[in-house]
Amino acid sequence: MSFVEELRWRGMLQDIMPGTEELLNKEQVSGYIGFDPTGDSLHVGHLTQIMTLIHFQHAGHKPVALVGGATGMIGDPSFKSAERNLLDEATLNHNVDCLKKQLAKFLNFGEGATDAKMVNNYDWFKDFKFLDFIRDVGKLITVNYMMSKDSVKKRLEGDNGLSFTEFTYQLIQGYDFYYLWKHHNCKIQMGGSDQWGNIVTGSEMIRRQDQGTAFALTTQLIKKADGQKFGKTESGAVWLDAKKTSPYKYYQFWLNTSDDDAKNWIKIFTLLSKEEIDAIIAEHDAAPHLRTVQKALAKDITIRTHSEKDYETAVKTSEFLFGNGSLEFLADLDHEAVLEVFDGVPQYALAKEKLDAGINILDLLAVETQVFPSKGEARKMLQGGGVSLNREKLADSEQVITSANLINNKYLIAQRGKKNYYLIYIG
C-alpha cells in the first residue's frame with residue numbers, strides 16, 4: 001500500500017496538491033513537517049503529524065522533521081485568536097532539544113536513505129539580515145496573495161487584529177520550504193489542514209524564485225465525535241512527556257474515549273493493519289462493554305510513547321483503582337508518580353517515627369488522618385467489615401499499625417467501603 005493510500009484508508013488525508021501522489025509512487029521523496037517549539041514537550045495534538053512522518057518513512061521515503069527555532073520566536077497566527085507570547089532564545093533552544101528527543105522515540109534517525117533527519121530553521125535564519133530578507137524573499141510574494149489566505153482574513157476580522165510580526169510568518173515558513181527544497185531536496189511539505197495556506201506559499205516561492213516544482217499534502221484536523229477539540233481534558237493538554245502527563249493518565253485518556261472516537265482513532269494513532277483493526281472492531285461490537293477497541297488503542301499508543309513497562313504499570317494501576325488489582329504497581333512508580341496516580345484521592349503525610357512506635361488503627365484512621373470523622377465511626381465500619389488497609393480487610397479495632405505495614409517503606413492505602421481510597425505516606 002502506498003503512502004497516500006495508507007493515509008486515505010486511515011481517514012487522515014485532507015488536501016493534496018495535483019501530482020503529489022504520482023511523484024510519491026514514482027520515486028523516493030524527501031518530505032518535511034514543521035513542529036513549533038513553543039513548549040518543551042509535544043502533546044497528543046501533534047500525534048497526527050508524527051504518525052504522518054512514520055507512515056512516510058514506512059513507505060520508503062525520507063522524513064524530515066523541522067523544529068522551528070526561528071518561527072517559534074514569532075508564533076504561527078494560523079486560525080489563532082490572539083498573538084502568542086514570544087520566547088527568548090535560551091528557552092527555545094531548550095525546547096528544541098526536548099522535542100528532538102521525543103521525536104526520536106517515533107522515528108528512525110540516521111544517515112541512511114530513508115532515515116529521518118532533523119533540522120532547525122534557526123540555523124539558516126540566524127544570520128539572515130532583515131534588509132536582505134525583504135529584498136530577496138519579500139519580493140517573491142505579493143501582499144494581495146498573503147491577504148487572500150483564510151488564516152489571515154480571520155485574524156483581520158477579529159478583535160485582536162494581526163501584527164506585522166505575525167503577518168511575516170507566511171514568508172518565513174514559505175522560505176523554509178524553499179530552503180529545504182534547495183538544499184535538502186525536500187519536494188513535499190506536509191502538515192495539518194490549517195497549514196495549507198502557509199505550505200502553498202512555500203511552493204509558490206519555489207516556483208517564482210527558481211521555476212521549481214514542489215508538492216503539498218495536509219491531514220485532517222482531529223475532533224471528537226461530539227465536535228469538541230481533540231487532545232484537551234479538564235486539566236489541560238495531554239503531553240507526551242511523562243513528567244507532564246504520567247503514563248497512567250496518558251493511558252486513561254485513550255481508554256476513556258467514546259466508541260465512535262476509538263474506532264476512528266485506532267486507525268489514525270496506531271500502526272495496526274486494516275485487517276487487525278477490522279477484527280478488533282468486530283470483537284468490540286460483539287461485546288461493547290469490554291471496550292476492546294479502547295484497550296487496543298490505549299495499549300499501542302502508550303507503549304510507543306512511553307514503554308511496555310509503563311503500559312503494564314498503567315494497566316495494573318487501573319485494575320487496582322477500578323477493580324480488584326493488587327498493589328504491585330506501586331513498586332514501579334516514583335513518589336511523584338504515586339501522588340499523581342492518586343490525584344483526587346485524599347492524601348495524608350505521616351511522620352515515620354509515629355509508625356515506628358506503632359499506631360492504633362482507630363487513631364490512624366480518625367486522629368492522624370481524616371479517613372473517618374471520629375473513632376466511633378471508624379470502629380463501627382471496621383466491625384462491619386467495611387475497612388481495608390493495603391487491600392486486606394480489617395476487623396480488630398485494637399490492631400496496631402507499624403512501619404512493617406508500609407508498602408515500599410512509604411505508603412499505606414486505606415479503603416473505606418468499596419470505592420473510597422485514601423493515601424497515607426511517610427513525609
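Residues numbered from 1 in each chain as written. Predicted model: local features only at pLDDT ≥ 70, side-chain atom pairs only at ≥ 80, totals over all residues. Heavy atoms only, no water.

Chemist: Sorry if this is basic, but what is going on with the nonpolar core here?
Modeler: Within soluble globular proteins, side chains that are nonpolar generally end up buried alongside one another. Of all hydrophobic cores here, the largest spans 58 residues; its most connected members are Phe35, Val44, Leu47, Ile50, Trp254 and Phe269. When residues of this core are assigned to their parent elements, the largest contribution, six residues, is made by helix α3 (residues 47-58). Among the nonpolar cores identified, the runner-up in size contains 31 residues, and Val64, Trp124, Tyr179 and Ile206 belong to it. (Core = buried A, V, L, I, M, F, W, Y, C linked by side-chain atoms within 4.5 Å. Buried < 20%, exposed > 50% of the residue type's maximum accessible area, 1.4 Å probe, protein only. Helix = DSSP H or I, 4+ residues; strand = E, 2+ residues; numbered from the N terminus.)

Chemist: Looking at this model, I keep getting lost on the layout of surface pockets. Mind explaining?
Modeler: Here the idea is plain: a probe the size of a water molecule rolls over the atoms and shows the empty space left. Considering only enclosed or pocket space, the second largest pocket measures out at about 650 Å³ in volume. If you go around the second largest pocket, you meet 24 residues; those closest to its centre are Thr233, Ser235, Lys249, Gln252 and Phe253. Mapped onto the lining of the second largest pocket, the elements with two or more residues apiece are β8 (236-237), α12 (247-255), α16 (308-322) and α17 (335-341). Considering each element in turn, the lining of the second largest pocket owes the most residues, four residues, to α12. Residues belonging to the lining of the second largest pocket are distributed by class as follows: ten nonpolar, eight polar and six charged. (1 Å grid on protein atoms, 1.4 Å probe; cavity = no way out; pocket = protein on both sides within 12 Å on 5 of 7 lines; lining within 4 Å. Points joined across faces, edges and corners; volume = space filled by probe spheres on them. Nonpolar A, V, L, I, M, F, W, Y, C, P; charged D, E, K, R; others polar.)

Chemist: It is not clear to me how the domain arrangement of the protein chain should be interpreted in this structure. Could you clarify?
Modeler: Often, the extent of an interface is quoted as the loss of accessible area on bringing the components together. Segmentation of the protein chain into domains returns domain 1 (3-219), domain 2 (232-325) and domain 3 (342-426). Of note, the centres of domain 1 and domain 2, computed from C-alpha atoms alone, are 30 Å apart. With 18 residues of domain 1 at the interface, the matching set in domain 2 holds 23 residues. Interface area for domain 1 against domain 2, summed over the two sides, is near 1,700 Å², with a carbon-plus-sulfur share of 67%. Three residues stand out in domain 1 for area buried against domain 2, namely Trp9, Arg10 and Val44, and they jointly supply 34% of the buried area on that side. Seen at the junction of domain 1 and domain 2, the total is one salt bridge. A salt bridge links Lys244 to Asp40; the shortest N-O distance between them is 3.2 Å. One can count nine residue pairs in polar contact (both at pLDDT 80 or more) joining domain 1 with domain 2. By residue number, the principal contributor to the side of domain 1 that touches domain 2 is α3, which donates seven residues. Per-class residue counts for the side of domain 1 that touches domain 2 are nine nonpolar, six polar and three charged. (Domains from an automatic or database assignment. Contact = heavy atoms within 4.5 Å. Buried area = accessible area lost by both parts, 1.4 Å probe. Salt bridge = Lys/Arg side-chain N within 4 Å of Asp/Glu carboxyl O. Polar contact = N/O pair within 3.5 Å; in protein donor to acceptor, adjacent residues only side chain to side chain.)

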